[in-house]
Amino acid sequence: MKIIETSEGAYQHALGRRARSVLVPTMGALHRGHQELIRVAREQARIGGEVAVSIFVNPLQFEPGSDFQKYPRPEREDEKVCREAGVDLLFRPRAEEMYFRDRSVYVEETSLSMGLCGASRPGHFRGVCTVVTKLFNLLMPKVAVFGEKDYQQLAIIRRMVRDLNFPVAIVGVPTVRDADGLALSSRNRYLSAEERAQATVLRHAALAAERLAQGGEISASKLIDMAKDVITSAGSARVDYVSLIDAETLEPLQTLRPKAVLALAVFIGGTRLIDNLRIA
Ligand code: PAF
């Protein structure tokens with residue numbers, strides 16, 4: 001596995017490469033969810049292709065007062081996960097490599113980013129779009145793979161690629177869960193044992209709303225209230241949002257219709273977790 005730590009190195013590597021390249025952008029603290037992204041990337045790379053993983057805890061997407069400083073950075077373990085998964089290239093730049101002190105250009109999606117996580121995390125998606133653009137420009141992948149757990153992020157990146165004509169195909173990968181249903185996330189590491197037990201409430205809430213929908217309920221507010229009731233029954237859980245949205249436009253729905261997704265963000269103690277479920 002080749003490891004590159006400078007932007008110039010990444011760029012030179014990409015310029016000299018002939019193989020089809022597939023990128024998995026990550027912020028590290030790799031878990032089974034990332035391993036699944038890497039597996040899909042390998043499939044996408046086809047025979048002789050290159051699987052590249054980037055690990056960069058992107059300061060631009062952490063809003064002030066959030067967990068940028070304490071975000072886990074297990075460098076050695078991450079490197080091992082990549083090696084064992086058969087990754088060809090690990091791009092691991094330092095912040096000074098990625099951002100000029102006097103930077104003044106950002107990439108901003110202005111519609112899909114407004115609601116859901118964008119409403120509670122101002123500037124977050126601007127940070128995501130800016131860093132993903134930079135990674136695409138440096139590493140020039142043909143394909144990039146993202147998890148569906150970050151549902152809004154995936155929709156925004158697809159829109160960015162469409163609107164700005166990036167020559168990159170975006171592939172979404174279904175969420176990987178623990179046996180009890182909790183979606184895998186690097187932030188699960190913050191949970192105490194008690195909080196970890198309560199964190200399954202996101203999945204239970206989404207499934208309860210789905211059951212209600214399967215029973216014939218089509219009112220979005222009733223489905224949302226059901227999910228919220230389940231969440232508040234867990235001791236330290238606090239709802240950030242629960243929303244029923246269109247799978248593509250992310251517009252909030254008043255009534256259930258095909259391609260509806262229940263999206264939710266919940267604080268378990270001080271940790272904010274997200275999940276989503278296609279319920280129609
Ligand atoms: O999903 C993530 O881990 C990050 O938001 C991403 C896409 C790597 C950009 O920093």
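All values derive from a computational prediction rather than experimental measurement.

A. Just the nonpolar core, in detail. In this structure, Phe-91, Met-98, Val-132, Phe-136, Phe-146 and Ile-170 are the most contacted members of the largest nonpolar core, which totals 43 residues. Among the elements of the structure, strand S4 (89–91), helix H5 (116–120), helix H6 (124–139), strand S5 (143–147), helix H7 (151–163), strand S7 (237–246) and strand S8 (260–268) are those that each provide at least two residues to this core. Examining the composition of this core, we find that nine residues originate from one element, H6, more than from any other. Excluding its chain neighbours within four sequence positions, the residues that come into contact with Val-132 are Phe-146, Ile-157 and Met-160. In terms of nonpolar packing, the next biggest core, distinct from the first, is built from 30 residues, Ala-206, Ala-209, Leu-264 and Leu-277 among them.

B. Focus on the pairing of S7. When you tally the buried positions in S7, you get seven out of ten residues, the bulk of the element. Where S7 and S8 come together, nine bridges link them in antiparallel fashion. Within S8, the position partnered with Ser-243 by the bridge is Ala-263.

C. How the structure looks around the site of the ligand. Taken together, Pro-25, Thr-26, Met-27, Gln-61, Val-128, Val-131, Phe-146, Asp-150 and Gln-153 make up the full set of residues near the ligand. One of the side-chain nitrogen or oxygen atoms of Gln-61 is found 2.6 Å away from an oxygen atom of the ligand. In this structure, an oxygen atom belonging to the ligand sits 2.7 Å away from a side-chain N or O atom of Gln-153. In isolation the ligand exposes 290 Å². Once the protein is present, 88% of that is buried. At the level of elements, strand S2 (21–26) and H6 are the ones that each hand at least two residues to the shell around the ligand. For the shell around the ligand, the class distribution of residues is five nonpolar, three polar and one charged.

D. Focus on the environment of Ala-209. Mapped onto the elements of the fold, Ala-209 is located in helix H9 (residues 201–214). It is 5.1 Å that separates the C-alpha atoms of Ala-209 and Leu-223, two residues lying 14 residues apart in sequence. Leaving out residues up to four positions away in the same chain, Ala-209 has contacts with Leu-223, Met-226, Ala-227 and Leu-262.

E. Region of interest: H9. When the terminal C-alpha atoms of H9 are compared, their 20 Å separation across 14 residues agrees well with the 20 Å that a helix rising 1.5 Å per residue should span. Within H9, burial applies to Val-201, Leu-202, Arg-203, Ala-205, Ala-206, Ala-208, Ala-209, Glu-210 and Ala-213. Directly after H9, the chain includes Gly-216, whose backbone phi takes a positive value near 110 degrees.

F. Layout of the sheet that holds S2. Read across the open sheet, the six strands follow the order S1-S4-S3-S2-S5-S6; overall the sheet is parallel. The open sheet has two edge strands with one neighbour each: strand S1 (2–4) and strand S6 (169–173). Ignoring strand direction, the axes of neighbouring strands in this sheet form an average angle of 25 degrees. The pairing of S1 with S4 spans three bridges and is classified as parallel. Paired with Ile-4 across the two strands is Phe-91, which belongs to S4.

Here is what the cut-offs are and how they apply
Residues numbered from 1 in each chain as written. Predicted model: local features only at pLDDT ≥ 70, side-chain atom pairs only at ≥ 80, totals over all residues. Heavy atoms only, no water. Core = buried A, V, L, I, M, F, W, Y, C linked by side-chain atoms within 4.5 Å. Buried < 20%, exposed > 50% of the residue type's maximum accessible area, 1.4 Å probe, protein only. Helix = DSSP H or I, 4+ residues; strand = E, 2+ residues; numbered from the N terminus. Contact = heavy atoms within 4.5 Å. Pairing = 2+ DSSP bridges. Near = heavy atom within 4 Å. Polar contact = N/O pair within 3.5 Å; in protein donor to acceptor, adjacent residues only side chain to side chain. Areas by Shrake-Rupley, 256 points an atom, 1.4 Å probe, with all protein chains shown as cover. Nonpolar A, V, L, I, M, F, W, Y, C, P; charged D, E, K, R; others polar. Expected span 1.5 Å × (residues − 1). Axes fitted to C-alpha atoms, helices over the stretch in contact; angles between N-to-C directions.

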